[in-house]
Number of protein chains: 2
Amino acid sequence: MPVLYPPGTIGIIGGGQLGRMMIYRSKKLGFRFAVLDSEDAPAKSLSDIFINGSLKDPDALEKLAGVSDIMTYEIEHINIDALGNLESRGYRMYPCASVLGIIQDKGFQKELFVKKGIPTSSYFTCDKPESFDFSANKFPLVQKTRRGGYDGRGVRVLKNKEDAPMNSPSIFEEMIDINKELAVMVARAQDGSVAAFPVTEMAFNPDHNICDTVIAPARIDEKTASCAHEIAISVVEALDGVGIFGVELFLDNHGNILVNEVAPRPHNSGHYTMEACVTCQFEQHIRSIAGLPLGDTSLIRPAVMLNILGQKQSRGKMLIEGFEKALNVPGLSLHLYGKIESRPYRKMGHFTVTSGTLNEAIEKSEYIRNLLKIGGENTEGDSK
Amino acid sequence: MPVLYPPGTIGIIGGGQLGRMMIYRSKKLGFRFAVLDSEDAPAKSLSDIFINGSLKDPDALEKLAGVSDIMTYEIEHINIDALGNLESRGYRMYPCASVLGIIQDKGFQKELFVKKGIPTSSYFTCDKPESFDFSANKFPLVQKTRRGGYDGRGVRVLKNKEDAPMNSPSIFEEMIDINKELAVMVARAQDGSVAAFPVTEMAFNPDHNICDTVIAPARIDEKTASCAHEIAISVVEALDGVGIFGVELFLDNHGNILVNEVAPRPHNSGHYTMEACVTCQFEQHIRSIAGLPLGDTSLIRPAVMLNILGQKQSRGKMLIEGFEKALNVPGLSLHLYGKIESRPYRKMGHFTVTSGTLNEAIEKSEYIRNLLKIGGENTEGDSK
């Protein structure tokens with residue numbers, strides 16, 4: 001596969017915060033960036049070429065392909081038929097459309113894991129949950145719609161057979177006895193070489209089921225970490241993927257590691273790499289898709305990352321509270337995504353605290369969590 | 001002074017590599033950036049608003065002021081009368097025009113240092129060197145034109161009275177018995193608080209007198225480092241400056257530290273902070289001019305930075321040699337400035353190597369220096 005040299009152009013399908021960070025963290029390599037998204041996209045102002053259009057529109061995708069030497073995406077909910085069509089006509093894309101095809105469907109993901117002997121929770125698929133007879137099943141069950149889930153959407157826990165499932169083709173997983181949720185960012189280059197970042201620990205907010213806190217490194221023993229690395233790498237190899245992948249794992253109370261799911265792009269659990277690792281996940285992604293050697297993934301300092309979500313009782317023009325106080329904390333690095341409007345639970349930014357010790361970083365991050373808030377100028381009642 | 005909150009707009013006069021890095025390293029804070037420069041400026045593609053014009057054109061400067069909440073600059077050779085005029089009409093600018101007025105003239109700089117008791121080499125000024133009688137002077141003398149010098153231009157060493165001086169208003173300094181050239185980046189906030197980055201060691205290439213290598217931290221004892229810090233801070237305080245300043249120092253063979261000169265902006269000697277410090281010089285500059293608390297300047301890892309200059313025997317469309325090999329070195333971070341044309345000695349990029357020990361970083365940087373080259377596609381004879 002040929003190497004892309006600067007000032008070659010990399011097309012990004014999607015201009016959200018991941019596209020934005022991809023550009024501001026890898027512009028240093030000298031590439032040009034073309035972005036396809038709607039006018040208010042956070043990555044727009046950083047792009048060399050901006051195409052205003054829908055990620056699902058074949059014409060817009062074709063336009064992006066026409067100005068790009070290689071393409072990638074920062075979101076998985078895109079038009080895969082259009083991508084496959086572009087690929088078949090010689091446009092280069094990483095990860096390739098067939099990888100995305102597997103990942104877009106949680107049923108296909110599970111099937112691949114099972115086929116390749118990758119540990120994952122037991123499951124069954126069902127295309128019409130509304131007419132399925134659950135009377136023989138053991139509860140609780142975790143229902144996940146096969147397609148379209150994101151940040152907690154498309155997931156429902158069925159406690160017993162009276163709980164109504166979502167009416168959409170789904171997988172149903174046995175409930176894992178979770179000790180910790182772990183994540184590993186893995187990059188795979190065009191030549192098949194791989195590099196994994198440190199294992200992290202994710203905590204989710206039960207209020208909205210969006211990843212809330214990422215702790216790096218995960219507080220697990222070495223054997224567990226090395227097992228998590230091995231499994232995460234095997235997932236990306238099973239996909240034959242090129243690019244960076246976020247592999248989400250469960251560590252259960254018996255010490256087993258099971259793959260939950262995989263994202264074919266930079267991932268929330270890898271944001272901490274910008275401050276804490278020699279190479280960050282965004283540059284690593286660009287290196288891998290450009291045919292370049294992978295960078296050094298070593299952890300330099302322990303880190304804690306927290307998402308900043310729009311306050312649940314307001315929306316409208318973004319207002320920040322505690323901005324100066326937060327910036328006054330040594331080791332704080334703040335990333336705001338340039339979204340003008342705040343909405344309940346919208347990802348408005350994140351911050352990472354690095355420190356000499358993990359405990360110090362945790363303490364500081366809790367302090368900042370309590371003072372830094374983003375909301376909209378219009379307050380709403382609880383009813384929204 | 002009021003705080004600038006995101007998404008406020010920061011106007012940058014000049015869109016060269018410093019403006020480019022300023023944006024890609026501080027976009028994370030959520031500000032918008034307006035840039036004034038010519039169409040091929042490296043920072044253009046990262047700006048929210050781009051104004052095509054000359055840095056000396058009052059109308060263009062006025063246009064930039066009109067779209068910016070605050071302004072700053074990334075180069076000191078700009079129209080100071082126009083800036084002063086804008087300031088007097090209420091536009092905010094940091095560092096302010098009067099600071100730039102002192103710095104633009106090496107005679108005024110020297111005068112300030114002497115007035116404030118800041119150690120610097122002894123000197124005299126002369127407005128018409130071509131008709132000056134040097135017979136009573138001790139040689140060698142270092143002539144520096146009062147205005148317009150940059151990257152080794154505007155400096156001449158006169159070995160004896162037969163050497164012809166440049167015909168321009170100048171200062172003449174006694175030659176220092178230099179042991180090392182040091183530099184300290186100092187940020188000063190609107191409330192007068194200051195934060196200094198670690199002391200670095202600069203090496204210049206005798207071929208072109210452009211800073212070639214920066215070593216962080218400088219290999220000097222603690223007492224010398226603390227003295228360098230103190231002097232560098234006193235320079236920025238003497239200027240009453242707000243923003244980041246690069247203070248260049250001489251350490252002589254008797255252990256004395258003397259101020260050479262000061263730059264009112266991010267500086268080549270501070271590029272290493274992007275990889276080696278908790279906060280980098282670019283974000284620190286934006287924090288200080290936006291009225292925000294200064295960030296943590298701690299060094300996390302030793303670092304060596306090398307400039308990548310256009311090869312001297314070629315020009316034209318940029319070609320890179322050794323790109324993949326360089327990127328294969330663990331700890332390497334490469335910054336290319338997006339300049340399409342290479343010219344002899346043009347600053348095309350730089351790289352920083354961080355490592356566990358300074359010696360390792362030095363070794364790796366020498367290895368990369370020998371393999372990574374940027375030139376133009378048209379080879380020239382020695383005569384240019």
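Procedures and definitions
- Residues numbered from 1 in each chain as written.
- Chains lettered and ligands numbered in written order.
- Predicted model: local features only at pLDDT ≥ 70, side-chain atom pairs only at ≥ 80, totals over all residues.
- Heavy atoms only, no water.
- Buried < 20%, exposed > 50% of the residue type's maximum accessible area, 1.4 Å probe, protein only.
- Helix = DSSP H or I, 4+ residues; strand = E, 2+ residues; numbered from the N terminus.
- Contact = heavy atoms within 4.5 Å.
- Buried area = accessible area lost by both parts, 1.4 Å probe.
- Nonpolar A, V, L, I, M, F, W, Y, C, P; charged D, E, K, R; others polar.
- Axes fitted to C-alpha atoms, helices over the stretch in contact; angles between N-to-C directions.
- Parallel < 35°, antiparallel > 145°, perpendicular 65-115°, else oblique.
- 1 Å grid on protein atoms, 1.4 Å probe; cavity = no way out; pocket = protein on both sides within 12 Å on 5 of 7 lines; lining within 4 Å.
- Points joined across faces, edges and corners; volume = space filled by probe spheres on them.
- Pairing = 2+ DSSP bridges.
- Least-squares fit on C-alpha atoms with pLDDT ≥ 70 in both.
- Salt bridge = Lys/Arg side-chain N within 4 Å of Asp/Glu carboxyl O.

Asks: Tell me what's going on with helix α8 (residues 281-289) of chain B, and back it up with residues and numbers.
Replies: Residues that lie three or four places apart on an α-helix share one face, since the helix turns once every 3.6 residues. All names here are of chain B. By the criterion of burial, α8 is predominantly enclosed, with nine of the nine residues buried. When we look at burial in α8, the residues that qualify are Q281, F282, E283, Q284, H285, I286, R287, S288 and I289. Phi turns positive, to about 80°, at G291, one or two residues after α8.

Asks: Tell me about the interface of chain A and chain B, and name the residues and values.
Replies: Each partner contributes residues to the interface: chain A has 41 residues there, and chain B has 41 residues. Regarding the contact of chain A and chain B, the summed buried area is about 3500 Å², with carbon and sulfur atoms giving 63% of it. Elements that contribute at least two residues to the side of chain A that touches chain B include exactly α1 (17-26), β16 (314-321), α9 (323-327) and β17 (332-336) of chain A. Sorting elements by how many residues they give to the side of chain A that touches chain B places β17 of chain A first, with five residues. In the side of chain A that touches chain B, the residues fall into 24 nonpolar, seven polar and 10 charged.

Asks: How would you sum up the packing of helix α1 (residues 17-26) of chain B against α8 of chain B? Please name residues and give values.
Replies: Relative placement of two packed helices is described by the angle separating their axes and the distance separating the axes. All names here are of chain B. With their axes 8 Å apart at the nearest point, α1 and α8 run at an angle of 80° to one another. As the angle between them shows, α1 and α8 are arranged roughly perpendicular. Within the contact between the two elements, α1 uses L18, M21, M22, R25 and S26 and α8 uses F282, E283, H285 and I286. Here the residues of the contact of α1 with α8 are counted per class, giving five nonpolar, two polar and two charged.

Asks: Run through empty space enclosed by the protein, naming residues and quoting values.
Replies: According to the stated counting rule, one finds five cavities of 30 Å³ or more in the structure shown. Taken as a whole, the largest cavity spans an internal volume of roughly 380 Å³. Looking at the largest cavity, it is lined by 30 residues, and the ones nearest its centre are R25 and M274 of chain A together with R25, M274 and E275 of chain B. Class assignment of the residues belonging to the lining of the largest cavity gives a composition of 12 nonpolar, eight polar and 10 charged. In this structure, the second largest cavity spans a volume of roughly 70 Å³. As for the second largest cavity, its lining consists of P6, P7 and G30 of chain A together with K317, M318, L336, Y337, G338, K339 and I340 of chain B. The residue makeup of the lining of the second largest cavity, split by class, is six nonpolar, two polar and two charged.

Asks: Explain the side chain of N260 of chain A to me, using residue names and the numbers behind them.
Replies: Relative to the elements of secondary structure, N260 of chain A occurs in strand β14 (residues 257-263). Leave out the neighbours within four places in its chain, and N260 of chain A touches F113, K144, E181, E248, L249 and F250 of chain A.

Asks: Hey, could you go over the environment of F132 of chain B for me, with residue numbers and the actual values?
Replies: Residues and elements named next belong to chain B. Tracing the chain through its elements places F132 in the loop between β5 (123-126) and β6 (141-145). Judged by its relative accessible area of 34%, F132 falls in the partly exposed class. Through-space distance from the C-alpha of F132 to that of P198 is 41 Å; in sequence the pair is 66 residues apart. The residues touching F132, leaving out its near neighbours within four places in the chain, are F124, C126 and N137.

Asks: Account for α1 of chain B, naming residues and giving values.
Replies: Most of α1 of chain B is tucked away: 10 of the 10 residues are buried. Of all the residues in α1 of chain B, the buried ones are Q17, L18, G19, R20, M21, M22, I23, Y24, R25 and S26 of chain B.

Asks: Before we move on, can you summarise the sheet that holds β16 of chain A with the specific residues and values?
Replies: Residues and elements named next belong to chain A. Strand order in the open sheet made by the three strands is β18-β16-β20, with antiparallel pairing throughout. Strands with a single pairing partner mark the edges of an open sheet, and in this sheet they are β18 (341-342) and β20 (373-379). Bridging between β16 and β18 involves two bridges; their strand directions are antiparallel. Residue pairing across strands places G316 opposite S342, the latter belonging to β18.

Asks: Kindly report on the relation of the copies chain A and chain B, identifying the contributing residues and their values.
Replies: Mapping between the two copies of the chain is achieved by a rotation about an axis and a shift along the axis. Superposing chain A onto chain B takes a rotation of 180° plus a shift of 0.0 Å along the axis, which leaves an RMSD of 0.0 Å. The two molecules are tied by a two-fold rotation axis, judged by turn and shift.

Asks: Describe the pattern of salt bridges, listing the residues and the values that go with them.
Replies: All names here are of chain A. Counting across every chain of the model gives 36 salt bridges over all chains. The residue E261 makes a salt bridge to K106 at a minimum N-O spacing of 3.9 Å. Placement of the pair is E261 in strand β14 and K106 in helix α5 (residues 106-115), with a sequence separation of 155 residues. Taking relative accessible area as the criterion, K106 reaches 11% and is therefore assigned buried.

Asks: Break down the environment of D177 of chain A for me, with residues and values.
Replies: Residues and elements named next belong to chain A. The topology assignment puts D177 in the loop between β8 (170-174) and β9 (178-188). Look at D177 and you get partly exposed, because its relative accessible area is 41%. Along the chain, D177 and I103 lie 74 residues apart, while their C-alpha atoms are 24 Å from each other. Residue contacts for D177: discarding those within four places in its chain leaves L251, D252, N253 and H254.

Asks: Please set out the sheet that holds strand β1 (residues 9-13) of chain B residue by residue, giving values where relevant.
Replies: Residues and elements named next belong to chain B. Strand order across the open sheet formed by four strands is β3-β2-β1-β4, with parallel pairing between neighbours. With partners counted over all chains shown, the strands left at the sheet margins are β3 (49-52) and β4 (70-73), one partner each. On average, each strand axis in the sheet is inclined to that of its neighbour by 20°, with strand direction left out of account. Inspection of the sheet shows strand β2 (residues 32-37) paired to β3 by four bridges, in the parallel sense. For A34, the partnering residue across the bridge sits in β3 and is I49. Seen against the sheet, α8 touches β1, β2 and β4 and runs at an angle of roughly 140° to β4.

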